[in-house]
Amino acid sequence: MERIAPRRDVALMKGYHSAQVDVEVRLNTNESPYPPPLEWKQALAQQIEKIDFNRYPDRSAWQLRSEIAKLHKVEPEQVFCGNGSNEVLQAILLAFGGASRTALVFEPTYALHSHIARITQTNVAIAQRDENFSINLDSLVKEIEQAKPSVSFFCSPNNPTGMVDSPQVLDVGLKQNSGLVVVDEAYGQFSSFSALSLFDEELPLAVVRTFSKTWSMAASRLGYMIAPTWVVQACESVILPYHLDALKQQAGILALKFEKEMQQRVNELVDQRNLLFAKLEELDLQLWPSEANFILFRPLKMSGYRLWEELLKRSILVRDCSSWPRLDNCLRVSIGTPQENNIFIQALQEVLNE
Ligand code: PMP
């Protein structure tokens, strides 16, 4: 029998994957190197006892949204949760993108913005960051005028460069735009500026965050957006019923009780990032200043892929970004524990000095 082919555009798509191989030092997906607090695990185990597993979960995830709202001093109606921030991005594009609409991205940036746009049949307008990977204000105005995007994606700190989009960039982006401005802050807690400071019910601004990094909960798949009520309502109408299971809702509610511990981890990782950056500066590398939990670098005297392979031989996995736009030979290393960072830097010194 003849098999049905997938949609033509889907057949041409490559998924977005990072290698999952067994290594001793895993520094390729920007997760937290630390497990969540033990008390959180214990509290969650107690909550599991209370879940009515024969019943659907609270469809509106109201308690979780209320707790996130408290954290950011907004209303629960201004919070939308998803299975990871990727699902939040998908809901935004399902609601505000789609056929005959355009999403604007500034390369190099997080590949999923354009990937999910294409999956939702949204046109993708690709603009370029300048030679330092910042967004130039004049070209920003021009790009928005030309593309007339329904959704403009900013990513701050930007994955994979680690650089923050300035308040001026977002200001111009918002003033120039009749579409929705999405600021992906998956790494927002590591940086000194957050677009949440601009948040207003009257502004078409959505700030997306995740529990995967700072909250040490990548396995739980929980992300959220702070956005005006009408944006949240639109996203709710495209999401599947009961999309957030009861266990995940509890995991998120309980995590928020450990904000102090989360902040401590962030501070430690920022210190470690600064230490690692200083050590990388002593080597033959091109570097970009990072306000995230990772650092992008390019070896100047050998190929990025060879360096990646040499590190892997030593059981260290970093991200090979060479196939991303304008990032030939670039690798990205996530900040690990002090011990992991030492193993990484020693191996790097060894390979580069060989
Ligand atoms: N946005 C950015 C910029 C990211 O780097 C990531 C994770 N790689 C995500 C969103 C998605 O994170 P999650 O779905 O785990 O919340």
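None of the values given here were measured: they were computed from a predicted structure.

### A look at the packing of helix 10 (residues 259-281) against helix 12 (residues 338-353)
Geometrically, a packed helix pair is captured by the angle between its two axes and the distance between the axes.
Here is step 1 of the chain: Relative orientation of the contacting elements helix 10 and helix 12 amounts to 10°, with a least axis distance of 11 Å. Between helix 10 and helix 12, the angle falls in the class roughly parallel. Contacts between helix 10 and helix 12 involve Gln 272, Leu 276, Lys 279 and Leu 280 from the former and Pro 338, Asn 341, Asn 342, Phe 344, Ile 345 and Leu 348 from the latter.
Here is step 2 of the chain: Of the residues that constitute the contact of helix 10 with helix 12, the class distribution is 6 nonpolar, 3 polar and 1 charged.

### Quick look at the pairing of strand 11 (residues 316-320)
Here is step 1 of the chain: Among the 5 residues that make up strand 11, 4 are buried, leaving the element largely enclosed by the rest of the structure.
Here is step 2 of the chain: The pairing of strand 1 (residues 25-27) with strand 11 spans 3 bridges and is classified as parallel. Residue pairing for strand 11: Val 25 is matched across the bridge by Ile 316.
Here is step 3 of the chain: Bridge count between strand 11 and strand 12 (residues 331-334): 2 bridges; the pairing is antiparallel. Paired with Asp 320 across the two strands is Leu 331, which belongs to strand 12.

### Side note on the pattern of salt bridges
Here is step 1 of the chain: For the coordinates displayed, the defined rule picks out 12 salt bridges.
Here is step 2 of the chain: Between Lys 175 and Asp 171 there is a salt bridge whose closest N-O contact spans 2.9 Å. One end of the pair is Lys 175 and the other is Asp 171, both in helix 7 (residues 167-176) and 4 residues apart, which spans about a single turn.
Here is step 3 of the chain: Taking relative accessible area as the criterion, Asp 171 reaches 35% and is therefore assigned partly exposed.
Here is step 4 of the chain: The salt bridge involving Arg 314 is made with Glu 310; its shortest N-O contact spans 3.0 Å.
Here is step 5 of the chain: With relative accessibility at 26%, the residue Arg 314 sits in the partly exposed group.
Here is step 6 of the chain: In this structure, a network of salt bridges that share partners links the residues Glu 310, Lys 313, Arg 314, Glu 350 and Glu 354.

Each value, and the rule that gives it
Residues numbered from 1 in each chain as written. Predicted model: local features only at pLDDT ≥ 70, side-chain atom pairs only at ≥ 80, totals over all residues. Heavy atoms only, no water. Axes fitted to C-alpha atoms, helices over the stretch in contact; angles between N-to-C directions. Helix = DSSP H or I, 4+ residues; strand = E, 2+ residues; numbered from the N terminus. Parallel < 35°, antiparallel > 145°, perpendicular 65-115°, else oblique. Contact = heavy atoms within 4.5 Å. Nonpolar A, V, L, I, M, F, W, Y, C, P; charged D, E, K, R; others polar. Buried < 20%, exposed > 50% of the residue type's maximum accessible area, 1.4 Å probe, protein only. Pairing = 2+ DSSP bridges. Salt bridge = Lys/Arg side-chain N within 4 Å of Asp/Glu carboxyl O.

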